[in-house]
Amino acid sequence: MSRDISWDIFTANKKLIFSVTEIWFLRLANQCSRTSLPSLNKHHHPMFTTLKVQPNPYELYILFDNLNKLWTIPTTWKHQPVFTCFFQAIELTLRITDDVLNDSRSSGFQERRIQRLSDNLVRQMLVGEKLLSTVDAPPIELLSKSKNICLSGFAVLERLEPKRVQRLTDQFYDSFKTLPFAIGIEPQLNAVRKQFGLQPKSLHQECTLDYNALVRPQLLANIREAQVQNQEDHTFSTVHQSIECWIYIAHFYLREAGNFAGEHFWDKAATYTEYASECINVAIDQSQLLDMMTLADFHYLRVLLREASGAQSKSVRQLPSQGRAIFEQLNKALREADVDLVHVLDNPSLYSSQYALVRSLSRFSKHIQDFLFRHYLLVLSVAGSNSYGSLGYKINSMVERAAQPIFPEIDQANHDLLMITNFRYGQQSGRLIMEKEIAAGYNPYSLLPISGIEDSDFILARIAEYFEYIHVRNGEAWVALYDDKIGQFCDCLGSKPYFGQAKLRVFINAMFDTFASINTRFWNPRIHQNKAQIDWQFDTVSYNGIKVTFEGTEEFVFNEDGKIVNAIAHWEPNDVAKQLWPTTFRKRRATEGCPFVKRNSA
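These notes cover the structure that comes with them. This one's a predicted model, so the numbers in the text were calculated from it and none came from an experiment.

Attention now goes to the overall build of the chain. Helix and strand counts for the chain stand at 25 helices and eight strands. The buried share of the chain, taken over its 602 residues, is 48%. Taking as baseline every contact in the chain between residues at least 6 positions apart, the subset at least 24 positions apart corresponds to 75%. Just so you have it, the chain exposes about 29,400 Å², and 52% of that area is on carbon and sulfur atoms.

Right, dumping it as structure tokens:
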């Protein structure tokens, strides 16, 4: 079932927004429509013939429609949007660099900004290298017919220090030298290198793309307001434009992933989902450039913008639903094959392609959540934690929204497998650390013989309390039965004991989280001096509604005060792991063995 997540930064108000004056006119017109004043009737008054849904404030501010028109051109080259948007993002970052070089404010910290932008350009080129290495060959109409030097935003390199020119141009050639085509700006870069006494780079590609036709740098440079509000205006708008470029590329790869998922080519769907995640990660880096802005100057711009916010980005808000569409294709195929997600996660070699897609989607979700959380930290550094965002939400609530997974089914399957493996490997729980502790000379787990209470009736009553507190889910009372200094509980012989009341509290709370209800019974007590053995059985309902029954034997040692010094449970935790598998799968596994999804790979 498709599910759209309610975001703080991704959800804009979808209601019609009226100004105070418009609302006043509307009320007045409603009154006048019942009077003899036809000039203010809502069907005749000019205001009511032009009233429309408010345009997206964010898109108006960053001139999104103008930018969007530059992303596609009439061509048969499938990967043209990837090439175009990538280099437009580079051009926009170079444009910010030019703005910084023109900023004379001491508070602008020009050197720091230039360093940040240089690092950012290198990271963008590294991701661009990965993406462009997979593109198909461009058609002949996109090849350059001119040897003239392109007039792109790379001209700003002439204003940088020689070391930065070398770093950025070296990275450019290293990233794209293996492509079957030249980008089209190599002559311009070589001219800049020559100006700084750097050796020109040789070109080996047989053809060169028409950079001007594909990227349209001059048209891109004109997509900004001529009248600037203050020194941070262009930085704020241009950073968001570059983010939109990368999100557009992410959508391209998500569409491709969805197409492959529809054909059950899970490996390819996983690969393209990974590419989309890479783009989102770059968009996160782009957004973090905003913390370069001078706070005092940005606040003036923020007040002017008021409700205009990156939270209104439609392209960002649509990312989760595209990811969910890919997941639904996989989930449908698994259901048809009667395979549970937990089994895919637990058997990555058996379901290698499906597993790859599940993990890719998990990383996609993580990047979306990281986008939200990093935005929260950015807003926090501007507005503080007690403020409200531009869309009217408490800023601290952004953290809660960032914590919501896009794929709750995968989230639940991860939790199920965690619970299952906790019991499957329970006999070895903590063993590695315990061995290292003992080797380092720390060993509180081996107790010397200790004298204690020898009242059989008291001991039996204390054991009854022990199991009753588990049944009624009173963890504090259960912990209080142990010696407050050296009390310990070993959940399974061979595992690391829970030593001390803090650790005992961790154990019992984890037990309550695992089982929604626990009915306990015990029998056959064997008591000798201050020691006791008893047989027990737990009839439980797990956190996911599965009935689980397990049994074993427990050993107790009591001190003089009747407190438990040591308790050891003897049982088979793996019996619980087997029962925790999803019910339908356990029944099928017992009769049919492990199913397999056909068309496991492309």
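Past the structure itself, the notes keep going.
With respect to the helices, strands and loops of the structure, Ser 313 is situated in the loop between helix H13 (295-305) and helix H14 (314-317). Separated by 2.7 Å, the side chains of Ser 313 and Glu 244 make a polar contact. Among all residues touching Ser 313, those that are not within four sequence positions of it are Tyr 58 and Glu 244.

Here the focus is the packing of aromatic side chains. The geometry of an aromatic ring pair is captured by two quantities: the separation of the ring centres and the angle between the planes. On inspection of all chains with the given rule, the structure shows 44 aromatic pairs. Plain terms: the ring middles of Phe 86 and Phe 176 are 5.9 Å apart, the flat faces sit at 65° to each other, and that makes the pair edge-to-face. Taken together, the positions of Phe 86 in helix H5 (residues 80-101) and Phe 176 in helix H7 (residues 162-176) put the pair 90 residues apart, joining distant regions of the chain. Classification of Phe 86 by relative accessible area gives buried; the value is 1%. Judged by its relative accessible area of 3%, Phe 176 falls in the buried class.

What follows concerns helix H8 (residues 186-195). Restricting attention to buried positions, one finds in H8 the residues Glu 186, Gln 188, Leu 189, Asn 190, Val 192 and Arg 193. Phi turns positive, to about 75°, at Gly 197, one or two residues after H8.

Definitions and cut-offs
Residues numbered from 1 in each chain as written. Predicted model: local features only at pLDDT ≥ 70, side-chain atom pairs only at ≥ 80, totals over all residues. Heavy atoms only, no water. Helix = DSSP H or I, 4+ residues; strand = E, 2+ residues; numbered from the N terminus. Buried < 20%, exposed > 50% of the residue type's maximum accessible area, 1.4 Å probe, protein only. Contact = heavy atoms within 4.5 Å. Areas by Shrake-Rupley, 256 points an atom, 1.4 Å probe, with all protein chains shown as cover. Polar contact = N/O pair within 3.5 Å; in protein donor to acceptor, adjacent residues only side chain to side chain. Phe/Tyr/Trp six-rings, centres within 6.5 Å; stacked < 30°, edge-to-face > 60°.

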